[in-house]
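Structural overview
Listed below, chain by chain, are the residues.
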Amino acid sequence: MQNQKNGKIKFINLYSLEYKGCVSCFHFKRKDKKHGLFAMEDDLTPILEELKVDFIIFAPPIYFSTVSSGMSAFLEGFLFSNMIYMNQIM
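Let me sum up the structure you'll find in this document. Just so you know, these numbers come straight off a predicted model, no measurement behind them.

Here we take up the overall build of the protein chain. Summing up its helical and strand segments, the protein chain has two helices and two strands in all. Secondary structure elements of the protein chain occur, N-terminal to C-terminal, as α-β-β-α. Summarising the internal contacts of the protein chain: among those between residues at least 6 apart in sequence, 61% fall at separations of at least 24. Accessible surface, the protein chain: about 7600 Å² in total, of which carbon and sulfur atoms supply 58%.

Turning our attention to unusual backbone geometry. Backbone geometry at F64 places phi at a positive 50°, although glycine is not the residue there. Following the sequence through the fold, F64 ends up in the loop between β1 (62–63) and β2 (66–67). When its relative accessible area of 86% is taken as the criterion, F64 is described as exposed. Unusually for a residue other than glycine, S65 sits at a positive phi of about 65°. Relative to the helices and strands, S65 resides in the loop between β1 and β2. Accessibility expressed as a relative area gives 75% for S65, which makes it exposed.

By size, the foremost hydrophobic cluster in this structure holds 11 residues: L14, L17, Y19, L44, I47, L48, L51, M71, A73, F74 and F78. Put simply, the parts of the chain that give this core at least two residues each are α1 (44–50) and α2 (69–81). Ranked by residues supplied to this core, first place goes to α2 with four residues.

Another aspect to go through is the packing of aromatic side chains. What describes a pair of aromatic rings is the distance from one ring centre to the other and the angle between the planes of the rings. Throughout the structure, instances matching the rule amount to three aromatic pairs. When the centroid spacing of 5.8 Å and the interplanar angle of 65° are considered together, the rings of F58 and F74 count as edge-to-face. Residue F58 is located in the loop between α1 and β1, and its partner F74 is located in helix α2; the two are separated by 16 residues in the primary sequence. For F58, a relative accessible area of 36% puts it in the partly exposed group. Overall, F74 belongs to the buried group, its relative accessible area being 4%. Seen from their ring centres, F74 and F78 are 5.9 Å apart, and the 5° between their planes marks the pair as stacked. Linking F74 with F78, this pair stays in helix α2, spanning four residues, or about one helical turn.

What counts, and where the lines are drawn
Residues numbered from 1 in each chain as written. Predicted model: local features only at pLDDT ≥ 70, side-chain atom pairs only at ≥ 80, totals over all residues. Heavy atoms only, no water. Helix = DSSP H or I, 4+ residues; strand = E, 2+ residues; numbered from the N terminus. Contact = heavy atoms within 4.5 Å. Areas by Shrake-Rupley, 256 points an atom, 1.4 Å probe, with all protein chains shown as cover. Buried < 20%, exposed > 50% of the residue type's maximum accessible area, 1.4 Å probe, protein only. Core = buried A, V, L, I, M, F, W, Y, C linked by side-chain atoms within 4.5 Å. Phe/Tyr/Trp six-rings, centres within 6.5 Å; stacked < 30°, edge-to-face > 60°.

In structure tokens, the structure reads:
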């Protein structure tokens, strides 16, 4: 779908996909691999590749004052696979 500014809008229904959240493999921290790759191959793999864009709007349902479990699992894969660790003191 195109909007008025020539950007693309895509609706992704996470509930129609087969995936799970982070399994603490720390694949994304390996220095001998390309940064931002998610270790598990599942239905999120092509979607995570599509999300290398300038702007993203997430609109998950809210259950019990937080995002749904499906959105939480998605964010784990998306955020952890793109996280960069720096040597800094908090």
